[in-house]
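Listed here are the chains, written in short residue letters.
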Amino acid sequence: MMLKRLRHKRNWTQEQLAEISGLSVRTIQRIESGGKASLESLNALASVLEVQAPILAQGVTVIDKTTEDWEKVPAWLRACFFGSGLFKIPERILNIRVEQGTVAAGIILLLLSPVLDNAFDASFILFTSAYLVSLITRAGDKYSIW
């Protein structure tokens with residue numbers, strides 16, 4: 001990828017490039033591995049690396065959050081991606097892990113419901129949460145957000 005070559009040319013680590021550009025390390029990793037990048041991220045990187053954004057964008061899928069495609073995504077779904085990039089795990093994988101974790105916890109509480117008071121109610125809440133996370137994940141798939 002172009003970004004990785006430019007970074008290596010300057011002998012910078014991903015952490016150094018992230019610090020200089022004001023982006024997260026995860027964003028740098030995602031772009032270098034062929035993931036999607038916003039126009040803002042590409043412009044920040046192009047500025048730091050002293051290249052034009054179109055040159056940097058070669059081989060990178062660009063997300064322009066002002067385009068019609070992003071505007072077609074329902075507002076409730078766009079709100080689910082507020083603060084994206086905070087974790088070092090891609091969002092889709094994080095959503096799936098959260099879903100799996102809440103289902104596992106729900107099963108454990110369901111099995112403990114004969115012994116513990118309110119365990120059945122807690123398991124119901126966990127199963128409902130897992131279902132909502134799965135809906136968000138599938139909606140992200142439908143609108144090609146990942």
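All figures in this text were calculated on a predicted structure; none of them were measured in a lab. (Residues numbered from 1 in each chain as written. Predicted model: local features only at pLDDT ≥ 70, side-chain atom pairs only at ≥ 80, totals over all residues. Heavy atoms only, no water.)

## Here's the deal with the nonpolar core
Heads up, the condition is: Side-chain atoms within 4.5 Å are what join buried Ala, Val, Leu, Ile, Met, Phe, Trp, Tyr and Cys residues into a set we call a nonpolar core. Exposure is judged per residue with a 1.4 Å probe applied to protein chains only, and the accessible area is read against the type maximum: over 50% gives exposed, under 20% gives buried, and values in between give partly exposed. A helix here means a DSSP run of H or I that spans at least four residues, while a strand means a run of E at least two residues long, and both kinds are numbered starting from the N terminus. In what follows, a contact means two residues having at least one pair of non-hydrogen atoms within 4.5 Å.
Judged by nonpolar contacts, the single largest core of 17 residues is most densely connected at L3, L17, I28, L45, L49 and L56. Residue assignment for this core shows that the elements contributing at least two residues are α1 (2–9), α2 (14–21), α3 (25–32) and α4 (39–49). Of the residues forming this core, the biggest block, five residues, is contributed by α4. In contact with I28, other than residues within four places in its own chain, are L3, Q14, L17, A18, S21, L23 and L45.

## Some points on the side chain of S38
Formally: Pairs of N or O atoms within 3.5 Å make up the polar contacts considered here, provided that, within protein, one atom can donate a hydrogen while the other can accept it, and that residues adjacent in sequence are counted only when both atoms are side-chain atoms.
Relative to the assigned elements, S38 resides in strand β1 (residues 36–38). Polar contacts involving the side chain of S38 include one to the side chain of E40, which spans 3.3 Å.

## Comments concerning α2
What counts is decided by this rule: In this description, the arc belongs to the directions extending from the helix axis to the C-beta atoms.
Among the residues making up α2, those that are buried are Q14, L17, A18 and S21. For α2, the buried positions fall inside an angular range of 100° around the axis, keeping them on one side. Those residues of α2 that are buried are in contact with α1, α3 and α4. Immediately beyond the C-terminal end of α2, within one or two residues, lies G22, with a positive phi of roughly 80°.

## With respect to the packing of α2 against α4
How we decide: Lines fitted to C-alpha atoms define the axes here, with helix axes fitted over just the stretch in contact, and angles between the N-to-C directions of these axes take values from 0 to 180 degrees. By definition in this entry, angles of less than 35 degrees are roughly parallel, angles greater than 145 are roughly antiparallel, angles of 65 to 115 are roughly perpendicular, and the rest are oblique.
Contact geometry for α2 and α4: axes closest at 9 Å, N-to-C directions at 105°. Taken together, the axes of α2 and α4 lie roughly perpendicular to each other. Residue-level inspection shows L17, I20 and S21 of α2 in contact with α4, the latter providing A44, L45, V48 and L49.

## Notes on the pattern of salt bridges
Defined as follows: Any carboxyl oxygen of Asp or Glu that lies within 4 Å of a side-chain nitrogen of Lys or Arg is treated as forming a salt bridge with it.
According to the stated counting rule, one finds three salt bridges in the structure shown. A salt bridge links R10 to E50; its shortest N-O distance comes to 3.8 Å. With R10 in the loop between α1 and α2 and E50 in the loop between α4 and α5 (53–56), this residue pair connects regions lying 40 residues apart in the sequence. A residue is classified by how much of its surface remains accessible, and E50, at 66% relative accessible area, is exposed. With its nearest N and O atoms 3.8 Å apart, the salt bridge here joins E99 to R138. Of the two residues, E99 sits in helix α8 (residues 91–112) while R138 sits in helix α9 (residues 119–142), which places them 39 residues apart along the sequence.

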